[in-house]
Amino acid sequence: MQLRAAIFACVAWAGLAGLAGMGAAAVAASDPAAVSAIAQYSGADRTQRLIDGAKKEGELTLYSSLTAEDLADLNGAFEKKYGVKVKLWRAASDTILQRTLTEAKANRFDVDAIDVSTPMLEALHREKLLVAIKSPYLADMIPQAVPKHHEWVGSRLNVFVHAYNTKLIKKEDLPKTYEDLLDPKWKGKLSIEGTDEDWFATLVGSMGEKKGLQLFRDIKAANGLSVRKGHTLLTQMVASGEAPFALTVYNFTADQLKQKGAPLDWYVMQPAVARANGLGIPARAPHPNAAILYYDFILSEEGQQILFRRGFLPSSTKIQTPFSKMALKVVDPAQMLDDGDKWTRLYDQIVVKGN
């Protein structure tokens, strides 16, 4: 992912780039104090106030990295419930960060809600572009999904799981610990995604940095690690038998292929590591009531159930999932911003290139 470098590149680009081709004329931005007052209000009539204000505003603009199919389900349910139109612009998380920073540099504030990876949201927090929100639904989220500043929330998690080809590997032969991967029987059978330095940092940190780094050096030296780019590709390679055992694929991708009948299954060795994606509301959102109403909807049981049906792991403790009783280590986006260069270098040296 090389998060820190990518984010700094976005910030630098935003300071230089113009707004050609960025869309129609900008709408009027709200005063930050007014947006904050709406975001911080916690009276008993909070929801009704938001609904009334959102209906007057009539719409909100969402920048999101979710797929069109996922957004159609979420946004369709929101629009049906509240009668408020969601105008959408889709792109990768780093592209959304770039556009948001560029628009802010030009004093253009079109966007009302931003749905991207949490490191990108943390970068927007550090640029002072988001508003802190006092939502009643935050109490239902797992603690790791809610930063102390409350300027973004992790609405869903992607859990890193281990996938294996069921025709090539028997369930009873699966490794139970990472130390088991030193067994010679795994020589030439292990694969890993090439940009998972955040998983690596979180896992190694939980093991004790010195011990964890040495373990992966030993695994690479003893049995090798075939490195592939792209989690979907790696999961497909497991299903085809080209990669008998993959260390880092996403739970929802593995589930999708398994449900389609592929000879693939997955499990997790402890500690389980997850990466969060989430939502933030700009401090100068032009439609603040609609934006915060959308924020609450995504975190509500209804919104979280939609995410769960779409194959995501919701952050709400009210939704029971296969991971509900499992201790998850969630990637710390602040750590990846501050120490990303270090972990990218270590991952490249130890995992990607080897000894």
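Above this note sits the structure.
What counts and how
- Residues numbered from 1 in each chain as written.
- Predicted model: local features only at pLDDT ≥ 70, side-chain atom pairs only at ≥ 80, totals over all residues.
- Heavy atoms only, no water.
- Core = buried A, V, L, I, M, F, W, Y, C linked by side-chain atoms within 4.5 Å.
- Buried < 20%, exposed > 50% of the residue type's maximum accessible area, 1.4 Å probe, protein only.
- Helix = DSSP H or I, 4+ residues; strand = E, 2+ residues; numbered from the N terminus.
- Axes fitted to C-alpha atoms, helices over the stretch in contact; angles between N-to-C directions.
- Parallel < 35°, antiparallel > 145°, perpendicular 65-115°, else oblique.
- Contact = heavy atoms within 4.5 Å.
- Expected span 1.5 Å × (residues − 1).
- Arc of directions from axis to C-beta.

## With respect to the nonpolar core
Line of reasoning, step 1. Within the largest apolar cluster, 63 residues are counted, with the highest numbers of intra-cluster contacts made by Leu60, Phe78, Ile281 and Tyr294.
Line of reasoning, step 2. When residues in this core are grouped by element, the largest group, nine residues, is from helix 11 (residues 288–299).
Line of reasoning, step 3. Counting residues in hydrophobic clusters, the runner-up holds 34 residues, among them Tyr178, Leu215, Trp343 and Val351.

## Side note on the packing of helix 11 against helix 12 (residues 301–309)
Line of reasoning, step 1. Here helix 11 crosses helix 12 at 60°, and the two axes come no closer than 4 Å. Of the possible angle classes, the one that applies to helix 11 and helix 12 is oblique. On helix 12, the residues touching Phe297, Ile298 and Leu299 of helix 11 are Glu301, Glu302, Gly303, Gln304, Ile306 and Leu307.

## Re helix 4 (residues 68–82)
Line of reasoning, step 1. Between its first and last C-alpha atoms helix 4 spans 20 Å; for 15 residues at 1.5 Å apiece the expected length is 21 Å, and the two agree.
Line of reasoning, step 2. Within helix 4, the full set of buried residues consists of Asp70, Leu71, Leu74, Asn75, Ala77, Phe78 and Tyr82. Buried residues along helix 4 cover an arc of 150° about the axis, so they all sit on one side. In helix 4, the exposed positions that point more than 90 degrees away from the buried face belong to Glu69, Ala72 and Lys80.
Line of reasoning, step 3. Tucked inside the fold, the buried residues of helix 4 contact helix 3 (46–57), strand 1 (59–64), strand 2 (85–90), helix 11 and helix 12.
Line of reasoning, step 4. Glycine 83 sits one or two positions beyond helix 4 and adopts a positive phi of about 70°.

## Topic: the environment of leucine 66
Line of reasoning, step 1. By the secondary structure assignment, leucine 66 is in the loop between strand 1 and helix 4.
Line of reasoning, step 2. For leucine 66, a relative accessible area of 4% translates into the label buried.
Line of reasoning, step 3. If near-sequence neighbours (up to four positions away) are discounted, leucine 66 is found in contact with Leu71, Leu74, Arg90, Asp115, Arg156 and Phe312.

## With respect to the environment of lysine 187
Line of reasoning, step 1. With respect to the secondary-structure elements, lysine 187 resides in the loop between strand 4 (153–165) and strand 5 (190–193).
Line of reasoning, step 2. On the basis of relative accessible area, lysine 187 is assigned to the exposed category, the value being 55%.
Line of reasoning, step 3. Sequence separation between lysine 187 and asparagine 223 is 36 residues; the distance between their C-alpha atoms is 3.9 Å.
Line of reasoning, step 4. Apart from the residues lying within four places of it in its own chain, the contact partners of lysine 187 are Ala222 and Asn223.

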